[in-house]
Amino acid sequence: MPAESSTRSSVVIVANRLPVDQVTDPDGSTRWQRSPGGLVSALEPFMRQRSGAWLGWSGAAGDAPAEFDNEGLHLVPITLSTEELDRYYEGFCNASLWPLYHDVVQPPAFHRSWWDAYVTINARFAEAASAAAAPEATVWVHDYQLQLVPAMLRKSRPDLRIGFFLHIPFPPMELFMQLPWRRQIVEGLLGADLIGFQRPMGAHNFLQLTRHLLKLRPSGSSVDYDGRAVRAASFPISIDTAAFDRLASSPEVVERASAIRNELGSPEKIILGVDRLDYTKGIGVRLRAFEELLQDGSITAPETVLVQVATPSRERIEHYVTMREEIERTVGHINGDYGGIGGPAVHYLHQSMPKEELAALYRAADVMAVTPYRDGMNLVAKEYVAARGDLGGALVLSEFAGAAAELRHAFLVNPHDITGVKAALRDALAISPAAAARRMRAMRRTVRKYDLDHWAESFFAALGSEPTS
Ligand code: G6P
């Protein structure tokens, strides 16, 4: 057994990122701020209510700071050197697995040096998890960056209960088979007692692969492997709906929402997009549909404006650099053709936003456009619904986001079909308040019932261990 950590916990989260990122200010001082992305948004509030440990990378290259306590959580930073970040994080995680798992929206690249780094870093996380977990603890491993950890951890700590949850889609067999290390990944995941996916199809794809690659015999939602039953099932992730609802209905946020409308020049309609700047999110589709609506006179600016918040993400990876250039060129183009002095058609913000400001934007938006080509869940869609306690607003949502399975009362679109996206935007802009309220009420029932606690509790229950409250 590896050296013990100073604190040993009965619930340990292992994720690529800590819920907070270490950032260095221009004056050289460092501070911690909330990490980006859906994984952290979903898990952080749940874990903060429980005294668990969380292992992850601090967001900065080089020696990790010592473990520390942060608002009820014990945080254990894991070191990643500049070269490891290059090969493991930017390489194998985000230029091999990310595009492969998102239906090859961009071509994945496979390099042996990236894979070697992936193995090394997964072993580092497994070792740290082994040191942080109390006897018979529950360890919950997250996402595509750490798919080898379950098997590595089981080897050193057979006493643990190990769960794994994949936040992104799990691809169909035909695509997964491209991966040169496909067998190792499947075996890595099989180290868990329970493997959770966003959608039933992910679990199905995985079980099919165990048959195809390892000649196992899955039955129902389980497969016997190495003398154990491993379960693969879907657990659609969610948000802390009540907390988000509360925040969005607070007087400060409601007031800020009307101030935003004023600052935008009091347009009749506001369309909103909020995404990490990622090529899977279909930001270009949205811009193109908006531009065509302006072109054919269905809408005019500045009576109707688009606000696009694009959170900076993975900025050193080539596909992300190219994509940012393309989007910014398109925004410039649309504003050049359709904007007026002091009245752009597209308000584009390439920055992270505090939760309060996001909630106010959701509250101000008449139409929320969520148009990914492929998305594990998409929590922005759920946040929008949670924010609309006033029953206003309409959601345009891609069929290829996991959230579409639950939010059936959205205007569902195929993001590959620009004409369809335009029609949905037009319909959403024209919907009557009564019809919008009916749809919103139905969607709110769903996100209230299937919230974050429901997700985490059903996962823990299926894993056979109760979360510590
Ligand atoms: C998605 C992934 C997360 C990831 C997040 C942000 O939500 O599922 O695992 O942390 O994006 O991406 P980043 O590369 O900045 O961690």
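Numbers given for residues are sequential positions, taken from 1 along each chain in its written order. Residues qualify for local features only when their pLDDT is at least 70, as the model is predicted, and side-chain atom pairs are given and counted only at 80 or more; totals for whole chains, interfaces and linings, by contrast, use all residues. Only hydrogens and water are removed before side-chain values are computed, so all heavy atoms of the structure are retained for them.

Engineer: Sorry if this is basic, but what is going on with the pattern of salt bridges here?
Structural biologist: Close approach of charged atoms allows side chains of opposite charge to pair. The term salt bridge refers to a side-chain nitrogen of Lys or Arg lying within 4 Å of a carboxyl oxygen of Asp or Glu. Counted according to the given criterion, the structure contains 26 salt bridges. For Asp193, the salt bridge identified is with Arg154, shortest N-O distance 3.0 Å. One end of the pair, Asp193, is in the loop between α6 (182–189) and β9 (194–197); the other, Arg154, is in helix α4 (residues 149–156), with 39 residues separating them in the sequence. Residue burial is assigned from relative accessible area. The probe radius is 1.4 Å, only protein chains are included, and a residue is buried under 20% of its type maximum, exposed over 50%, and partly exposed in between. Asp193 sits in the buried class, given a relative accessible area of 12%. One salt bridge in this structure joins Arg157 and Asp159, with 2.9 Å as the shortest N-O distance. Helix and strand labels come from DSSP, where a helix needs a run of H or I of at least four residues and a strand needs a run of E of at least two; each type is numbered from the N terminus.

Engineer: Looking at this structure, how should I read the side chain of Gln147?
Structural biologist: Tracing the backbone through its elements, the reader meets Gln147 in the loop between β7 (133–142) and α4. Side-chain polar atoms of Gln147 contact the backbone oxygen of Tyr144, separated by 3.1 Å. Among residues more than four places away in sequence, those in contact with Gln147 are Leu97, Tyr101, Tyr118, Asn122, Phe164, Ile185, Gly188 and Leu189. Any N or O atom pair separated by 3.5 Å or less is treated as a polar contact, with the protein-specific requirement of one donor-capable and one acceptor-capable atom, and with residues adjacent in sequence counted only for side-chain atom pairs. The criterion used for residue contact is that any of the two residues' heavy atoms lie within 4.5 Å.

Engineer: Before we go on, may I ask you to explain the packing of aromatic side chains in this structure?
Structural biologist: The description of two aromatic rings rests on the distance between their centres and on the angle between their planes. Under the pairing criterion, centres of Phe, Tyr and Trp rings, with the six-membered ring standing for Trp, must be within 6.5 Å; the plane angle then separates stacked pairs below 30 degrees from edge-to-face pairs above 60, leaving the rest tilted. Per the stated rule, a full pass over the model turns up 24 aromatic pairs. Seen in terms of ring centroids, Tyr101 and Phe176 are 6.2 Å apart; in terms of plane orientation they differ by 50°. Their pairing is tilted. On the criterion of sequence distance, the pair formed by Tyr101 in helix α2 (residues 82–101) and Phe176 in helix α5 (residues 173–176) is long-range, its members being 75 residues apart. In this structure, Tyr101 and Phe176 share a single accessibility class: buried. Taken together, the ring pairs in this structure connect Trp140, Phe165, Phe235, Trp455, Phe459 and Phe460 into an aromatic cluster.

Engineer: I tried to follow the confidence of the model for the protein chain on my own but got confused; where do I start?
Structural biologist: Detailed reading of the predicted coordinates is not advisable wherever pLDDT is low. Per residue, pLDDT captures the predictor's confidence, and it can take any value from 0 to 100. Within the protein chain, residue pLDDT values average 95, and 98% of them lie at 70 or more. Here helix α1 (residues 38–48) stands out as the element of the protein chain with the lowest mean pLDDT, 76, in contrast to strand β16 (residues 394–398), whose mean of 99 is the highest.

Engineer: I keep staring at the site of the ligand and nothing clicks. Help me out?
Structural biologist: In this text, near means that some heavy atom of the residue lies within 4 Å of the molecule or strand in question. Inspection of the region around the ligand gives 14 residues, with Arg17, Tyr89, Asp143, Gln145 and Arg314 positioned closest. Between the ligand and the protein, one listed contact pairs an oxygen atom with a side-chain N or O atom of Asp143 at 2.5 Å. At a separation of 3.1 Å, an oxygen atom of the ligand approaches a polar side-chain atom of Gln145. The Shrake-Rupley method, run with a 1.4 Å probe, gives the accessible areas here. Residue values count only the displayed protein chains as cover. Starting from 370 Å² of accessible surface for the ligand in isolation, the protein chains cover 93%.

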